[in-house]
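Descriptive structure summary
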Amino acid sequence: MHQDLTSTRFISALTKNTVALILAGGKGSRLKDLTNWRAKPAVPFGGKFRIIDFPLSNCMNSGVRRIGVVTQYKSHSLMQHIQRGWGFLRGEFNEFVELLPAQQRIQEEWYKGTADAVFQNLDILRNTGAEYVLILAGDHIYKMDYGQMLASHVKNKADMTVACVNVPVEDAKAFGVMGVDDEDRVVDFSEKPDNPKPLPDNPDQVLASMGIYVFNASFLYEQLIRDADAPHSQHDFGRDIIPYMIKKYRVYAHRFTESCVGASDGNYYWRDVGTVDAYWEANMELTKVIPELNLYDRHWPIWTYQEQLPPAKFVFDNADRCGMATDSLVSGGCIISGAKVSRSVLFSDIRVNSYSNIEDSVILPKVDIGRYVTLKRVVVDKGTRIPDGMEIGVNPEQDRKRFYVSEKGITLVTPDMLGQSIHQAR
């Protein structure tokens, strides 16, 4: 009998036979001081979420409910977030979100690369009995139906499928760049090339890997063992596994346009918020009247852990002392007391005191902003106390003496920069 590879029933069977591994151990050093005390996937985003919530939510909404989160670098806040917010799955239904920290299960070494991180959890993967393994990056913002990618993988009779997206040539050095034939079979792959090859029909763009892979499970295990035994391998999917495989096996590209959720007018939302500028810009996009990323979508919700907090509150309505926020996201527990907030994202439990002015800024949780403060194009890290009368984002030269100022003029402020030590090692 002919099997409809696009039917809901067939895709549901695929997702149930899949286990996902989210690689969430990266430091994210390009985010500077934002990742001094947390891994990149644990960085807050969008007012009340963390970056890790996006691939986790994509798994939930796609029907992939067996998930391992591979952690390594400064993972405490990430693990705490997952334990608090993602413990609702039921083991008796064969559903789970498990934390897989680097624990030297196979050899007395930490994870040496993305492929090695999976290899060191091979026994756990085998015990799931999964037919397919979905490998995900834990540090991108997007909505994607992984079921569509799995169906594409089966349709192509692929050994491995790589999700891909078009990116500008000038940004290609940060990605693995692919070349494909007329059937989207991968024939060339270069990891972070200095001279990337543009698309034949679009010289301004390249086809870039999203760091999302589907493998036939038994095939993946064979390749990981082979790579682990290779003396000169860096044990990385982009540098080692994919270049080796495209010469011998069926490796296909899956276009993000085929599985992106919530796309409108040809806009397919995917962001690598790997720099302070990119992080600020992605948060600022959310303040638009109709942002490209719809966080209010009931069809494809983004789940997270939320502390129980009272509603946001705006107080005082005098001529020179009015508590207000326009074109902004303001989360629970915030008090805007006689201050003005414009085009900004305020996370939970923030206090903005009288006569202060906040513009084009991203304020992470539990920040206290004093009186007569001016913040413009600023990212303020969690727990910071901004003293009365301080101006940040007004004079870049002055800011550079104390804070980090990005290439595009975004100022990053952390408690340590203001002499406020909230992480005491000794």
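Quick summary incoming for the structure in this document.

Basis of the calculations
- Residues numbered from 1 in each chain as written.
- Predicted model: local features only at pLDDT ≥ 70, side-chain atom pairs only at ≥ 80, totals over all residues.
- Heavy atoms only, no water.
- Pairing = 2+ DSSP bridges.
- Helix = DSSP H or I, 4+ residues; strand = E, 2+ residues; numbered from the N terminus.
- Axes fitted to C-alpha atoms, helices over the stretch in contact; angles between N-to-C directions.
- Parallel < 35°, antiparallel > 145°, perpendicular 65-115°, else oblique.
- Contact = heavy atoms within 4.5 Å.
- Nonpolar A, V, L, I, M, F, W, Y, C, P; charged D, E, K, R; others polar.
- Core = buried A, V, L, I, M, F, W, Y, C linked by side-chain atoms within 4.5 Å.
- Buried < 20%, exposed > 50% of the residue type's maximum accessible area, 1.4 Å probe, protein only.

With that settled, consider the sheet that holds strand E24 (residues 374-376). What the five strands build is an open sheet, ordered E15-E18-E21-E24-E27; its pairing is parallel. Of all the strands in the sheet, the pair left with one neighbour each is strand E15 (324-326) and strand E27 (391-392). In this sheet, strand E21 (residues 357-359) lies alongside strand E18 (residues 340-342) in parallel orientation, the contact comprising three bridges. From the neighbouring strand, Val-341 faces E21, where its bridge partner is Ile-358.

The next thing to look at is the packing of helix H1 (residues 8-16) against helix H6 (residues 146-155). It is the contact of H1 with H6, at a shortest axis distance of 9 Å, that shows an interaxial angle of 95 degrees. If you check the angle between H1 and H6, you find them roughly perpendicular. Contacts from Phe-10, Ile-11, Leu-14 and Thr-15 in H1 reach Gly-147, Gln-148, Leu-150, Ala-151 and Val-154 in H6. Looking at side-chain class alone, the contact of H1 with H6 contains six nonpolar, three polar and no charged residues.

Quick look at the nonpolar core now. Phe-45, Tyr-279, Ile-363, Ile-369, Leu-375, Val-379 and Ile-386 are the most contacted members of the largest nonpolar core, which has 49 residues in total. Considering each element in turn, this core owes the most residues, five residues, to helix H9 (residues 276-285). With residues near it in sequence (within four places) discarded, Tyr-279 still touches Leu-31, Leu-34, Val-43, Pro-44, Phe-45, Val-273, Phe-347, Val-362, Leu-364 and Val-379.

On to the sheet that holds strand E25 (residues 378-380), then. With respect to topology, six strands assemble into an open sheet ordered E16-E19-E22-E25-E29-E28, the strand pairing being mixed. The open sheet terminates on both sides in strands that have one partner only, identified here as strand E16 (329-330) and strand E28 (404-405). Judged from the two bridges that link them, strand E19 (residues 345-346) and strand E22 (residues 362-363) form a sheet pairing that is parallel. Bridge pairing links Leu-346 to Ile-363 in E22.

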